[in-house]
Amino acid sequence: MPDFLSDFNHIFAGNAAAQSWMVLVGLLLLALLVGWLSHKLLPRIVHRMVEATTTHWDDALIARGVLRQVSHLAPVIVVYIGIDAIAALPDDAVDMLRKVLIVLIVFFVARGLSRFLSAANDIYERHDTNGRPIKGYMQLGKLLVFLLAAILVVAVLIGRSPLLLLSGLGALGAVLMLVFKDTILSLVASVQIASNDLLRVGDWITMPSLGVDGDVVDIALNTVRVQNFDKTIVTVPTYRLVSESFTNWRGMSDSGGRRIKRALYIDQTSVEFLDEDDRARLSAFALLDKYLHHKHEELQDWNRKLADAARQPVNTRRLTNLGSFRAYVTAYLHANAMVNSDKTLMVRQLAPGPTGLPLEVYCFADTTAWADYEAIQADLFDHLLSILPEFRLRLFQQPTGADLAGAVARPRPEKGSE
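Residues numbered from 1 in each chain as written. Predicted model: local features only at pLDDT ≥ 70, side-chain atom pairs only at ≥ 80, totals over all residues. Heavy atoms only, no water.

## Side note on the packing of aromatic side chains
One pass over the full model with this rule turns up 10 aromatic pairs. Between Phe 229 and Trp 370, the aromatic rings sit 5.0 Å apart at their centres with planes inclined by 50 degrees, giving tilted as the arrangement. Of this pair, Phe 229 sits in the loop between strand 3 (223-228) and strand 4 (233-237) while Trp 370 sits in helix 16 (residues 370-387), placing them 141 residues apart in sequence. Taking relative accessible area as the criterion, Phe 229 reaches 33% and is therefore assigned partly exposed. (Phe/Tyr/Trp six-rings, centres within 6.5 Å; stacked < 30°, edge-to-face > 60°. Helix = DSSP H or I, 4+ residues; strand = E, 2+ residues; numbered from the N terminus. Buried < 20%, exposed > 50% of the residue type's maximum accessible area, 1.4 Å probe, protein only.)

Okay, structure coming up:
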């Protein structure tokens, strides 16, 4: 190409200015032609080739515009190679123009590498099966690419070796540590998160201190984006997930069951012994018949050993309505197909308090879907609340307006009457 451009020197040998202008115009026209070919014709050919293939990695490169960024290099390289053919330009102007062209080449190469890293991340996410993102590492790679590009640009403009600038960065280490403090912390946190598998895209996490309660939608180098269940987006610095605690519900999702832990608060004044009529009535419950029969025989054997002391009921062991209700709830949970009986299942009493005696149901639903879980939990307690009066038990609750109105409307006994 320099030989082609130098032909203008022979044609306009007597007029240096005209020669320079003609060479400059020819060089620009050649650069425009190469630029048009690289921007218009080449992408069409490449797109047709990509559409004909069955692989997906080339689609990602095209979608991220890697070829478009690289195509910017063609006209710049043409001008860089042909600049020597313009004889009338001063050496200082040629030197300055070369520096500008090198800066453009470095810039377009850096942009191309950045787009390539983005395409590599897209390819990885498309084929990733373990949910461990590499977006943070790709962003770190982009940061290093542009940092090196900036060093090369400064080195070209000041006419010094890039190695000299790199050696001088040691003196700026403290400043860089301060400027990139969050980035460095996030980088370390990203390595810990990835190596320990602490977080994946799609995990449900809760972090009350930052108002986080939702699904992870993106894990980047500096931030983690979480979409809360109210559809708001919370951005959390990556290093906060390591320096502070958060709850990851992935274990619950992987287990296939979600815990139900809720208590019925029993009015303690309604707890009493069962008489024979109560036992006969409750024996009609299919879930209680076996328990009551076994318990009745056990208590009879125990009381028979008391001999004469068994004449006083206070010395004997007897069935209670609360114990029978607890046995019924346990049998009901085991018989319920919506409850996972393979996991921990129990009905226990907690310490009584001013709000009554807590009878806690502890079991696992057979699903982790939120709506289904809530429906199962509601169905269980709808039934337990409705069946509770059959055991002559009452729930404890604070007096309501209806209770107060009934107490006020109740007629007072006349003076002197009982």
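Following the structure, the description resumes.
## Looking at the side chain of Asp 197
As for its position among the elements, Asp 197 is in the loop between helix 10 (181-196) and strand 1 (204-207). In this structure the side chain of Asp 197 is engaged in a polar contact, spanning 2.5 Å, whose partner is the side chain of Arg 200. (Polar contact = N/O pair within 3.5 Å; in protein donor to acceptor, adjacent residues only side chain to side chain.)

## Some words on the pairing of strand 8 (residues 357-365)
Burial within strand 8 is extensive, with 9 of its 9 residues counted as buried. In this sheet, strand 8 lies alongside strand 6 (residues 258-266) in antiparallel orientation, the contact comprising 9 bridges. In the sheet register, Ile 260 faces strand 8, and the bridge partner there is Cys 363. Of the pairings in the sheet, the one linking strand 7 (residues 346-349) to strand 8 comprises 4 bridges and is antiparallel in character. For Gln 349, the partnering residue across the bridge sits in strand 8 and is Leu 359. (Pairing = 2+ DSSP bridges.)

## Observations regarding the pattern of salt bridges
Using the criterion set out here, one finds 13 salt bridges in the structure. One salt bridge in this structure joins Asp 267 and Arg 394, with 3.6 Å as the shortest N-O distance. Within this pair, whereas Asp 267 is found in the loop between strand 6 and helix 13 (276-282), its partner Arg 394 is found in the loop between helix 16 and helix 17 (401-409), the two being separated by 127 residues in sequence. Exposure remark for Asp 267: the relative accessible area of 18% places this residue in the buried category. A salt bridge links Lys 295 to Glu 298; the nearest nitrogen and oxygen atoms lie 3.9 Å apart. With Lys 295 and Glu 298 both in helix 14 (residues 289-304), this residue pair falls 3 residues apart, about one helical turn. Accessibility expressed as a relative area gives 21% for Lys 295, which makes it partly exposed. With relative accessibility at 30%, the residue Glu 298 sits in the partly exposed group. Three or more residues joined by partner-sharing salt bridges are found here, namely Glu 272, Asp 278, Arg 281, Glu 390 and Arg 392. (Salt bridge = Lys/Arg side-chain N within 4 Å of Asp/Glu carboxyl O.)

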